[in-house]
Amino acid sequence: MAATQEAIRWAKQFPELGEGPIPVEPCISPEIYQQEIEKVFKKTWLNVGRDEEIPNIGDYKVKRLAFAKTSIILIRGKDGKVRGFHNTCSHRGNKVITEKGEETFGRSKAAVVTCRFHGWVYNAEGKIVSLPEEEKFLPCFAKEDNGLTAVHTDVWEGFIFINLDPAEKVQSLSDFLGTYKDHMGGFPYKELEPSFNYHTYLDCNWKVAHDAFAEAYHVNTIHAGSFPNVFSSGIQHVRFFGDHRTTAVCLNLEGNANPVSKIATQRTVSSLVVKRDGRSMLPPTVNPDKRSDFGFELSVIFPNILVHITEGVWFTHQFWPIAHNKTLWEGRYYTRRAETNSQRWAEEYAKVLQRNAWLEDTATMEDTQDALESGAKKYMNLQDDEILIRHGYHVLEKYLSA
Amino acid sequence: MTTDVLKEFSGLAPFVDAWSLATEDERRAKRKSSTKEELQAFYNAMLPELEKILDLADQYPKGKMPPEVDTYFFMALSLAEVAPHIELYSGNPNVPFSFTEERFIALHGQDRG
């Protein structure tokens, strides 16, 4: 059936994004992948952590960034500021901090990091504090010129960002985020606590994974198992902020009569699919018309993180490219702290359901990649409510053709 | 008082060893390796006791229950793990139409409680 004029809203509102299908090639081409790494991931601001992960002076986090073949040390200095450095010793290039996985955490009372190879010590400003047998280094070696290699690091609303661009000066994080900050700032991110955190490696392009989470069209089919009583009632208030984008995802929540589910609803402090009353913690531009079917705000900070907010809950999906057909996905969920044991139990029930829904989401991604690589299709077709995906492709195209 | 309440749960005794599991990783593995009938039997036994267990747990500060209460609280957490499979997935021990669960790593998977 052809689209009716009434059903088409976003294409009319944003004619600059066009109406045609989008190409498959960027999801299956190793060459385009390499361009994305060089022109996007090594040049733009990327969220790599939260302030609360390293709250104290001397706390550090090491984040592996496989796409750039590096890992980054984020360390809180004596001045309270978080700085980022490549995890590479200035002596003979060993990793200063031995990694335990994608993310490694540690603490140093003196706010220093020490390379295990020969014991070089660096402070939280990246400068060499001491190195054993310093007198045996030749006069041409200048300690002050051989600190850790810094990466641009800044923080917005507790989100720690880095920019790997080696240029001395890059666009500021504030300018990069632009008016996205006005829309998504002011939500009490810090007041809600990490509730659960999953990750997996998906054999698909990062955009296949990203795009699957960037629309609500799939809810009624993909989540018929875990959320049979939740129906998407479409998206509202699509807005673009330069490279970034947002929409309200609206959901009709019908009462769930299942016994355990009902008890969880009565005992919960926060859940994505439970109606809430009371004062709003949302910024004024989010759900401005106070729709009763507002589910959550789905926003994308280009290039690779989805930040969702609603009453009492926020969550993120992040996608780290590893190869043209391999992606690290990280899902993190934050809620009000459970104060009682039964609230903790209700949190567990909400977690299980949300985890299962994410297992449903991720189920399609490798099949999609396989099918795209068959070459059977050159284009994919988007419906009007998949406008965020369309915007994403336009932004990416802009970077690649720059 | 606790002893009296615990007597009420004597019907759950056959399920304690299998289902009083402290971590999400253990609860997931147990649920996945169970049959539909085992999940149903555990669900049927637990459902009438669930609210009593939660009320008992709430007599203690969060995470600070005595071991004999922990035993039943962990079983309630197992019920949270199992319930969607009975209430939504027709008894299927796996999430239908899902990604391979073993590849989904929970950072918190070995936390107690």
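In this text, all values refer to a predicted model and were calculated from it rather than measured experimentally.

A.B. asks: What should I look at first to understand the overall build of chain A in this one?
C.D. replies: For chain A, the helix and strand inventory stands at 11 helices and 19 strands. Taking 2.2 N^0.38 as the reference for a compact globule, 402 residues should give roughly 21 Å; the C-alpha atoms of chain A span a radius of gyration of 23 Å, in line with that estimate. When burial is assessed residue by residue, chain A has 44% of its 402 residues classed as buried.

A.B. asks: Would you mind showing me how to read the interface of chain A and chain B here?
C.D. replies: A common way to report how large an interface is uses the accessible area buried once the components associate. Across the boundary between the two partners, chain A contributes 30 residues, which contact 33 residues of chain B. If you list the elements that add at least two residues to the side of chain A that touches chain B, you get β12 (193-202), α8 (259-267) and α9 (341-363) of chain A. When residues of the side of chain A that touches chain B are assigned to their parent elements, the largest contribution, 13 residues, is made by α9 of chain A. For the side of chain A that touches chain B, the per-class residue count stands at 13 nonpolar, 12 polar and five charged.

A.B. asks: What am I meant to see in the confidence of the model for chain B here?
C.D. replies: Any region with low pLDDT has predicted coordinates that should not be read closely. All names here are of chain B. Averaged over every residue, the pLDDT of chain B is 94; the share at 70 or more is 96%. For chain B, helix α1 (residues 2-8) is the element with the lowest average pLDDT, namely 71, and helix α4 (residues 36-46) is the one with the highest, namely 98. With pTM at 0.95, the complex prediction returns an ipTM value of 0.97.

A.B. asks: Sorry if this is basic, but what is going on with the pairing of strand β15 (residues 294-301) of chain A here?
C.D. replies: Strand residues, when the strand is regular, have side chains that alternate between the two faces of the sheet. All names here are of chain A. Summarising burial for β15: eight of the eight residues are buried, a large majority. The pairing of strand β14 (residues 244-253) with β15 spans six bridges and is antiparallel. If you follow Ala248 over to β15, its bridge partner there is Glu297. With five bridges joining them, β15 and strand β16 (residues 305-310) adopt antiparallel strand pairing. Among the inter-strand pairings, Ser299 is bridged to a residue of β16, identified as Val307. The antiparallel hairpin formed by β15 and β16 contains three residues in its connecting segment.

A.B. asks: Is there a simple way to think about the sheet that holds strand β17 (residues 313-323) of chain A in this case?
C.D. replies: Neighbouring strands of a sheet are bound in pairs by backbone hydrogen bonds; such pairs are parallel or else antiparallel. Here we have eight strands laid out as an open sheet, ordered β13(A)-β14(A)-β15(A)-β16(A)-β17(A)-β18(A)-β12(A)-β1(B), and antiparallel in their pairing. Bordering the open sheet on either side are β13 (230-241) of chain A together with β1 (105-106) of chain B, each of which pairs with just one other strand. Pairing between β12 of chain A and strand β18 (residues 326-335) of chain A: nine bridges, direction antiparallel. Within β18 of chain A, the position partnered with Tyr198 of chain A by the bridge is Gly331 of chain A.

A.B. asks: So what exactly am I meant to see when it comes to the packing of helix α3 (residues 30-41) of chain A against helix α11 (residues 387-400) of chain A here?
C.D. replies: Residues and elements named next belong to chain A. The N-to-C vectors of α3 and α11 enclose an angle of 85 degrees; their axes lie 9 Å apart at closest approach. In terms of orientation, α3 lies roughly perpendicular with respect to α11. Of the residues in α11, those touching α3 at Gln35, Glu36, Lys39 and Val40 are Leu396, Tyr399 and Leu400. Across the contact of α3 with α11, the residue classes tally to four nonpolar, one polar and two charged.

A.B. asks: Would you mind going over the sheet that holds strand β9 (residues 128-130) of chain A with me for this structure?
C.D. replies: Residues and elements named next belong to chain A. With antiparallel pairing, three strands are arranged side by side in an open sheet as β7-β8-β9. With one partner strand each, in any of the chains shown, β7 (112-114) and β9 form the two edges of the open sheet. This sheet shows a mean twist of 35 degrees between the axes of neighbouring strands, independent of strand direction. Across two bridges, the pairing between strand β8 (residues 121-123) and β9 is antiparallel.

A.B. asks: Quick question: what am I supposed to make of unusual backbone geometry here?
C.D. replies: Backbone phi values are negative for most residues with the exception of glycine, while trans is the configuration of most peptide bonds. All names here are of chain A. With an omega dihedral of 5 degrees, the bond running from Phe302 to Pro303 counts as a cis peptide bond. Along the chain, the position of Pro303 falls in the loop between β15 and β16. In this model, Lys69 sits at a positive phi of 50 degrees, which is unusual for a non-glycine residue. Considering the arrangement of structural elements, one finds Lys69 in the loop between β3 (59-65) and β4 (70-76). With phi around 50 degrees, Lys290 is a residue other than glycine that occupies positive phi space. Inspection of the secondary structure assignment puts Lys290 in the loop between α8 and β15.

A.B. asks: Even after reading the chapter, I still don't get the pairing of β14 of chain A, so can you show me in this structure?
C.D. replies: All names here are of chain A. Here β14 lies mainly inside the structure; seven of its 10 residues are buried. In the sheet, β13 pairs with β14 via eight bridges, with the strands oriented antiparallel. For Phe240, the partnering residue across the bridge sits in β14 and is Arg245. Connecting β13 to the next strand, β14, in antiparallel fashion are two residues, including Gly242 with a positive phi near 65 degrees.

A.B. asks: Would you explain the packing of α4 of chain B against helix α6 (residues 67-87) of chain B in this entry?
C.D. replies: Relative orientation and spacing of two packed helices are given, respectively, by the angle between their axes and the distance between those axes. All names here are of chain B. It is the contact of α4 with α6, at a shortest axis distance of 10 Å, that shows an interaxial angle of 120 degrees. In terms of their interaxial angle, α4 and α6 are classed as oblique. As α4 runs across α6, the sense of the crossing is left-handed. Listed contacts from α6 to Leu39, Gln40, Phe42, Tyr43 and Met46 of α4 are Met75, Leu79, Val82, Ala83, His85 and Ile86.

What counts as what
- Residues numbered from 1 in each chain as written.
- Chains lettered and ligands numbered in written order.
- Predicted model: local features only at pLDDT ≥ 70, side-chain atom pairs only at ≥ 80, totals over all residues.
- Helix = DSSP H or I, 4+ residues; strand = E, 2+ residues; numbered from the N terminus.
- Rg over C-alpha atoms; globule rule 2.2 N^0.38 Å.
- Buried ≥ 20, exposed ≤ 12 C-beta atoms within 10 Å, placed from the backbone.
- Contact = placed C-beta atoms within 7 Å.
- Nonpolar A, V, L, I, M, F, W, Y, C, P; charged D, E, K, R; others polar.
- pLDDT = per-residue confidence, 0-100.
- Pairing = 2+ DSSP bridges.
- Axes fitted to C-alpha atoms, helices over the stretch in contact; angles between N-to-C directions.
- Parallel < 35°, antiparallel > 145°, perpendicular 65-115°, else oblique.
- Left-handed = near helix turned anticlockwise from the far one by under 90°.

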